[in-house]
Amino acid sequence: MVATVTRRQLMGWAAALASTAYIPTAFAETGKTRLQIRTRRDLEVLDPAFRSGAEDATVCRAIYQNLFVYKPDQDGVPADKLEIELDAAASFEAISETEYRFTLKPGQMFTDGYGEMTAEDVKFSFERIGLPKPGGNISPYAADWAHLKGVEVDDKYSGRILLEKPRASLEYILANASGGIVCKRAIEERGVAHNIQPVGSSALRLTGFERQRQTTLARNPDFQGQPSGYDQIILRVVQDQKTVELAMRSSELDFSDADPTLADSLANVSDLTVEELPGIADVWLGMNVEHAPFDNLAVRRAVRAALDVDEMLMAGYDGKVVRANAMIMPQLLGHWKDAPVHQRDPDLARSLLAEAGMASGFSAQMLVLNQPTFVNMALVAQAQLAEVGINIELDVRDGGSFWSAGKGDEGKKLQLFIMRFNGALDPNYLAFPFASNQVGVWNWQRWTAPAFDEALEKASEAMDTTARASYIVDAQKAMEDSAAFVWLTHETLIYVRRNSVRPSLGPFGTALTYNRFAPV
């Protein structure tokens, strides 16, 4: 996430963006083209406000417009130096740190005959996330629009975003999935059917959806900006890594992310290119602090002391990833470079168990997603914990039941689990799943700490990057003190593509933009 959004910056962007013009590319006017991309899991909710994860968000970026988006080809640019370009907006300017004015380009049409985008659609899109109506559904991404006071509509195309107080993440929010502009009338008329029959206005539109198999996107002929590089993009659900390898070799897939274990073998295929980037995911072993005996701090510290993270990573990733010691990765604002590096200490673990009155050990369950990476790490953890008297039964589940296991009251039953959260450029976005108000949603640890919430709130308001980074480090120190998290890795981003494909990976490879993929 871009770290600072000052009035000067936004004023400067607005001036620069006013002269930006969309120039259709030549390849978009040639014959029919099709691209086949792997997606790790089935799509569920193609609505920016209620998307279920990274896969949904990636499609949302392709079918919905934002006021502005990040420019392409900014790999390696520091997060606070990224440049943006106008998308749905003809202009965008900062009146103050709490008031921003936008004007839409006229003639931007929603698909399926839903008419022209207006400022009322912008107001509806942002307020339904940040200011839900009493009794209405609460977006799991409400934190993205924290501090939103409202969106005032000035005329058909113009309006103002009003904040209660400064919001450091505003640029990131507007440029990403929570800044997607939906059609108010389509949402109200289609209801839940809109989740898989979305009405957007961007370069791609959804034309087919087969659950557990594939989703089809097609070029939107009414889109006035830069057209999609492909006539058709098919997103195929492929969970198994071996299947990914075979599909890439046989041309059944043209682009895929991949586990590090596949990188070497696919790098030797003449028609393929493998690209590696520093990872931006969080993978950790979590403990439910409401469930005995993990409600005891000494027990949680014992678990942490009993584990050898490096051995777990060797089993899960063939040792081809760097271990993590805190929530924020080195390339982002708020990285805690002096975070403790916990080494395995079985004697300390036994001592802590004795301190907790559990010298003879105990039994517990560990929830794991049924993918080799996570299962292999869990098996190593199981063996290491057994050495200090903690007997673990693995609860291995497929994606359908795994991703709902921590939600609502069902989450109270969890004990230990290995979790992966796909990251983003914004430290507040990375941290929000651990906030108190996320218990029963994304906070599967069910851990609450006023110090963490306070640090996160201060970071969200801090327009000074140094101060903001300090608050994010304070939040991570509160997590460290809880011992509810054993950080494992931020992974390595690995993308495999056919040589004939030019992908658009987004800043630091974190935001695949399908509508910008193009033939070479």
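Our structure is the block above this text.
So, here's what we can say about the structure. (Residues numbered from 1 in each chain as written. Predicted model: local features only at pLDDT ≥ 70, side-chain atom pairs only at ≥ 80, totals over all residues. Heavy atoms only, no water.)

**Topic: the side chain of Asp259**
Here's step 1: Within the fold, Asp259 resides in the loop between strand 11 (255-257) and helix 7 (260-267).
Here's step 2: You can call Asp259 buried: its relative accessible area is 11%.
Here's step 3: A distance of 3.2 Å separates the side chain of Asp259 from the side chain of Arg40, its partner in a polar contact.
Here's step 4: Filtering out sequence-adjacent residues up to four positions away, Asp259 remains in contact with Arg40, Gln241, Thr373 and Ile494. (Helix = DSSP H or I, 4+ residues; strand = E, 2+ residues; numbered from the N terminus. Buried < 20%, exposed > 50% of the residue type's maximum accessible area, 1.4 Å probe, protein only. Polar contact = N/O pair within 3.5 Å; in protein donor to acceptor, adjacent residues only side chain to side chain. Contact = heavy atoms within 4.5 Å.)

**Overview of the sheet that holds strand 13 (residues 282-287)**
Here's step 1: Spatial ordering of the open sheet is given by 15-14-16-13-17, a layout of five strands whose pairing is mixed. A single partner strand is all that each edge strand has here, and the edge strands are strand 15 (390-397) and strand 17 (485-489). Averaged over neighbouring strand pairs, the angle between their axes works out to 25° when direction is ignored.
Here's step 2: By the bridge criterion, two bridges tie strand 14 (residues 362-369) to strand 16 (residues 416-421) in an arrangement that is parallel. For Leu367, the partnering residue across the bridge sits in strand 16 and is Phe417.
Here's step 3: Against the sheet, helix 9 (residues 309-317) engages strand 13, strand 16 and strand 17, with an angle of about 45° to strand 17.
Here's step 4: Against the sheet, helix 11 (residues 372-386) touches strand 13, strand 14, strand 15, strand 16 and strand 17, its axis set at about 165° to strand 15. (Pairing = 2+ DSSP bridges. Axes fitted to C-alpha atoms, helices over the stretch in contact; angles between N-to-C directions.)

**A word on the pattern of salt bridges**
Here's step 1: Counted according to the given criterion, the structure contains 38 salt bridges.
Here's step 2: Between Arg51 and Asp144 there is a salt bridge whose closest N-O contact spans 3.8 Å. Here Arg51 is found in the loop between strand 1 (34-39) and helix 2 (54-63), whereas its partner Asp144 is found in the loop between helix 3 (119-130) and strand 6 (148-153), with 93 residues between them in sequence.
Here's step 3: What makes Arg51 buried here is its relative accessible area of 5%.
Here's step 4: Residue Asp144 is classed as buried on the basis of its relative accessible area, which comes to 7%.
Here's step 5: For Asp409, the salt bridge identified is with Lys412, shortest N-O distance 3.4 Å.
Here's step 6: You can call Lys412 partly exposed: its relative accessible area is 43%. (Salt bridge = Lys/Arg side-chain N within 4 Å of Asp/Glu carboxyl O.)

**With respect to the sheet that holds strand 6**
Here's step 1: Pairing is antiparallel across the open sheet formed by four strands, whose spatial order is 4-5-7-6. The open sheet has two edge strands with one neighbour each: strand 4 (89-96) and strand 6. Going across the sheet, the axis of each strand differs from the next one's by a mean of 15°, ignoring polarity.
Here's step 2: Here strand 4 pairs with strand 5 (residues 99-104) via six bridges, running antiparallel. Across the sheet, the residue bridging to Ser96 is Glu99, located in strand 5.
Here's step 3: The strands touched by helix 3 within the sheet are strand 5, strand 6 and strand 7 (158-163), with strand 6 carrying the most contacts at an inclination of about 165°.

**Focus: helix 7**
Residues separated by three or four positions in an α-helix point in the same direction, a consequence of the helix having 3.6 residues per turn.
Here's step 1: Within the sequence span of helix 7, burial applies to Pro260, Leu262, Ala263 and Leu266. With its buried residues spanning 140° around the axis, helix 7 presents them on a single face. (Arc of directions from axis to C-beta.)

**What about the pairing of strand 17?**
Here's step 1: Within strand 17, five of the five residues are buried, which leaves the element mostly enclosed by the surrounding structure.
Here's step 2: Inspection of the sheet shows strand 13 paired to strand 17 by four bridges, in the antiparallel sense. Bridge pairing in strand 17 places Trp284 opposite Trp487.

**Some points on unusual backbone geometry**
Here's step 1: Of note, the amide linkage connecting Ala292 to Pro293 takes the cis form, showing an omega dihedral of 5°.
Here's step 2: Positionally, Pro293 belongs in the loop between strand 13 and helix 8 (297-306).
Here's step 3: One non-glycine residue, Gln212, lies in the positive phi region at around 65°.
Here's step 4: Tracing the backbone shows Gln212 in the loop between strand 8 (204-210) and strand 9 (214-219).
Here's step 5: Phi at Phe508 is positive, roughly 55°, even though this residue is not glycine.

**Comments concerning helix 3**
Here's step 1: Taking 1.5 Å of rise per residue, twelve residues should cover 16 Å, and helix 3 covers 17 Å from first to last C-alpha, within 8% of that figure.
Here's step 2: Buried residues dominate helix 3, accounting for nine of its twelve residues.
Here's step 3: Three or more residues of helix 3 are buried, namely Ala119, Asp121, Val122, Phe124, Ser125, Phe126, Glu127, Arg128 and Ile129.
Here's step 4: Among the structural elements, strand 5, strand 6, strand 7, helix 4 (170-175) and helix 5 (184-190) are those in contact with the buried residues of helix 3. (Expected span 1.5 Å × (residues − 1).)

**A few points about the packing of aromatic side chains**
Here's step 1: Taken as a whole and judged by the stated rule, the model has 22 aromatic pairs.
Here's step 2: Consider the rings of Phe68 and Phe92, whose centres lie 5.1 Å apart with planes at 80°: the pair is edge-to-face. Note that Phe68 is positioned in strand 2 (residues 68-70) and Phe92 in strand 4, a separation of 24 residues in sequence.
Here's step 3: Connected via pairs of aromatic rings, a cluster forms that spans Trp284, Phe434, Trp447, Phe452, Phe485 and Trp487.
Here's step 4: Positioned above the aromatic ring of Tyr141, the side-chain terminus of Arg51 is 3.6 Å from the ring centre.
Here's step 5: Residue placement shows Lys407 over the ring face of Trp442; its charged tip is 4.4 Å from the ring centre. (Phe/Tyr/Trp six-rings, centres within 6.5 Å; stacked < 30°, edge-to-face > 60°. Lys NZ or Arg CZ within 6 Å of the ring centre and 35° of its normal.)

**Quick notes on the state of the cysteines**
Here's step 1: Evaluated as defined, the whole model comprises zero disulfides.
Here's step 2: No disulfide involves Cys60; its nearest neighbouring cysteine sulfur is the one of Cys183, lying 15 Å away.
Here's step 3: By relative accessible area, Cys60 is classed as buried at 3%.
Here's step 4: For Cys183, a relative accessible area of 2% puts it in the buried group. (Disulfide = S-S within 2.5 Å.)

**As for the packing of helix 6 (residues 241-249) against helix 7**
Here's step 1: Relative to each other, helix 6 and helix 7 sit at 20°, their axes nearing to 10 Å. When the axes of helix 6 and helix 7 are compared, the pair comes out roughly parallel. Every pair of crossing elements has a handedness; the one defined by helix 6 and helix 7 is right-handed. In this structure, helix 6 contributes Gln241, Val244, Glu245 and Arg249 to the contact, and helix 7 contributes Leu262, Ser265 and Leu266.
Here's step 2: Looking at the contact of helix 6 with helix 7 residue by residue, the class counts come to three nonpolar, two polar and two charged. (Parallel < 35°, antiparallel > 145°, perpendicular 65-115°, else oblique. Left-handed = near helix turned anticlockwise from the far one by under 90°. Nonpolar A, V, L, I, M, F, W, Y, C, P; charged D, E, K, R; others polar.)

Structural measurements only, silent on function.
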